[in-house]
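Working through the structure, step by step
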Amino acid sequence: LEVALALAGVALDANRLGYCALVLVGFHCALRTMEMLTITPLQLALTQQARGTLALLLTKIGQQRGAQEIVTIDEPLVGFWLYHNAAVTQATAPILEGSVHLFRQFFYHALDRLEVTQLKFTPYSLRRGGATHDLNFHQDLQRTIFRGRWGDLRIARIYLTDGQAALTNMRLSPAAKLQIDKFQRILI
């Protein structure tokens, strides 16, 4: 969670408000990378309290089941930044500023600024980290599987076990901790 919040803080510091919103929603909703990077305002239904839903387009499981998938946004910080970006983005245009390639460049640059490149995170790590955080916070495997939209319990367990192991083995240098704290404060 701390690294995801700090990544969003780096985006804010760089005046990349769309990136901030996408990092937050990608983590919070355990989205696949392209699900996250193709969000448009039309997919969002948010209340004034910055809560609501995100309708996902052409997801892996949704295509297999022939149904659109929806995830809930129940974290006000996530809803706030999505709402803010949706308000200034054309309804059918992605919230993503620029290309997928530019987002990836930003992501790796942000990891460098946070001094955590040794952790070898990728944009997809937001999905795994978000799911692991959800499980640790809510202590409800069924909720996390539903939220992550896994069709197979066996696959979900691989993700979550891997995420738990990564958390257990994660070591941050004092310099990285300072950077993470600095950029979290920018966000919050």
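The following paragraphs examine the structure supplied in this document. Worth saying up front: this structure is predicted, and the values here are computed from it rather than measured.

Now for the packing of aromatic side chains. Taken as a whole and judged by the stated rule, the model has eight aromatic pairs. Measuring from centroid to centroid gives 5.0 Å for Tyr19 and Phe106, while their planes differ by 45 degrees, and the two rings are tilted. One end of the pair, Tyr19, is in helix α2 (residues 17–28); the other, Phe106, is in helix α6 (residues 100–113), with 87 residues separating them in the sequence. Taken together, a centroid distance of 5.1 Å and an interplanar angle of 50 degrees make the contact between Trp150 and Tyr159 tilted. Per residue, the accessibility class of Trp150 equals that of Tyr159, and both read buried. An aromatic cluster of three or more residues is present, and its members are Tyr19, Phe103, Phe106, Phe107 and Tyr108. The ring of Tyr159 carries Arg127 above its face, with NZ or CZ at 5.6 Å from the centroid. One Lys or Arg, Arg128, reaches over the ring of Tyr159 and ends 4.3 Å from the middle of that ring.

Here the focus is the packing of helix α1 (residues 2–13) against helix α10 (residues 174–187). Interhelical geometry of α1 versus α10 gives an angle of 65 degrees and a closest axis separation of 7 Å. In the packing of α1 onto α10, the handedness of the crossing is left-handed. Residue-level inspection shows Glu2, Val3, Leu5, Ala6, Ala8, Gly9, Val10, Leu12 and Asp13 of α1 in contact with α10, the latter providing Ile180, Phe183, Gln184, Ile186 and Leu187.

This paragraph deals with the state of the cysteines. Scanning all chains against the criterion turns up zero disulfides. Looking at Cys20, it has no disulfide partner, and the nearest cysteine sulfur is the one in Cys29, 14 Å off.

What follows is about unusual backbone geometry. One non-glycine residue with positive phi stands out, namely Ala30, at about 50 degrees. In this fold, Ala30 is placed in the loop between α2 and α3 (33–37). Taking the relative accessible area as the measure of exposure, Ala30 reaches 3% and is therefore buried.

Of the two faces of strand β3 (residues 69–73), only the one carrying Glu69, Val71 and Ile73 is buried; Ile70 and Thr72 on the other face are not. Examined bridge by bridge, strand β2 (residues 52–56) and β3 share five bridges and lie antiparallel to one another. Note that in β3 the partner of Gly52 across the bridge is Ile73.

Another aspect to go through is the pattern of salt bridges. For the structure on display, the rule yields 10 salt bridges. Between Arg149 and Glu35 there is a salt bridge, and its shortest N-O distance comes to 2.9 Å. With Arg149 in the loop between α8 (141–148) and α9 (153–169) and Glu35 in helix α3, this residue pair connects regions lying 114 residues apart in the sequence. Classification of Arg149 by relative accessible area gives buried; the value is 5%.

What counts as what
Residues numbered from 1 in each chain as written. Predicted model: local features only at pLDDT ≥ 70, side-chain atom pairs only at ≥ 80, totals over all residues. Heavy atoms only, no water. Phe/Tyr/Trp six-rings, centres within 6.5 Å; stacked < 30°, edge-to-face > 60°. Helix = DSSP H or I, 4+ residues; strand = E, 2+ residues; numbered from the N terminus. Buried < 20%, exposed > 50% of the residue type's maximum accessible area, 1.4 Å probe, protein only. Lys NZ or Arg CZ within 6 Å of the ring centre and 35° of its normal. Axes fitted to C-alpha atoms, helices over the stretch in contact; angles between N-to-C directions. Left-handed = near helix turned anticlockwise from the far one by under 90°. Contact = heavy atoms within 4.5 Å. Disulfide = S-S within 2.5 Å. Pairing = 2+ DSSP bridges. Salt bridge = Lys/Arg side-chain N within 4 Å of Asp/Glu carboxyl O.

Everything listed here is a matter of coordinates, which is why it stays silent on function.
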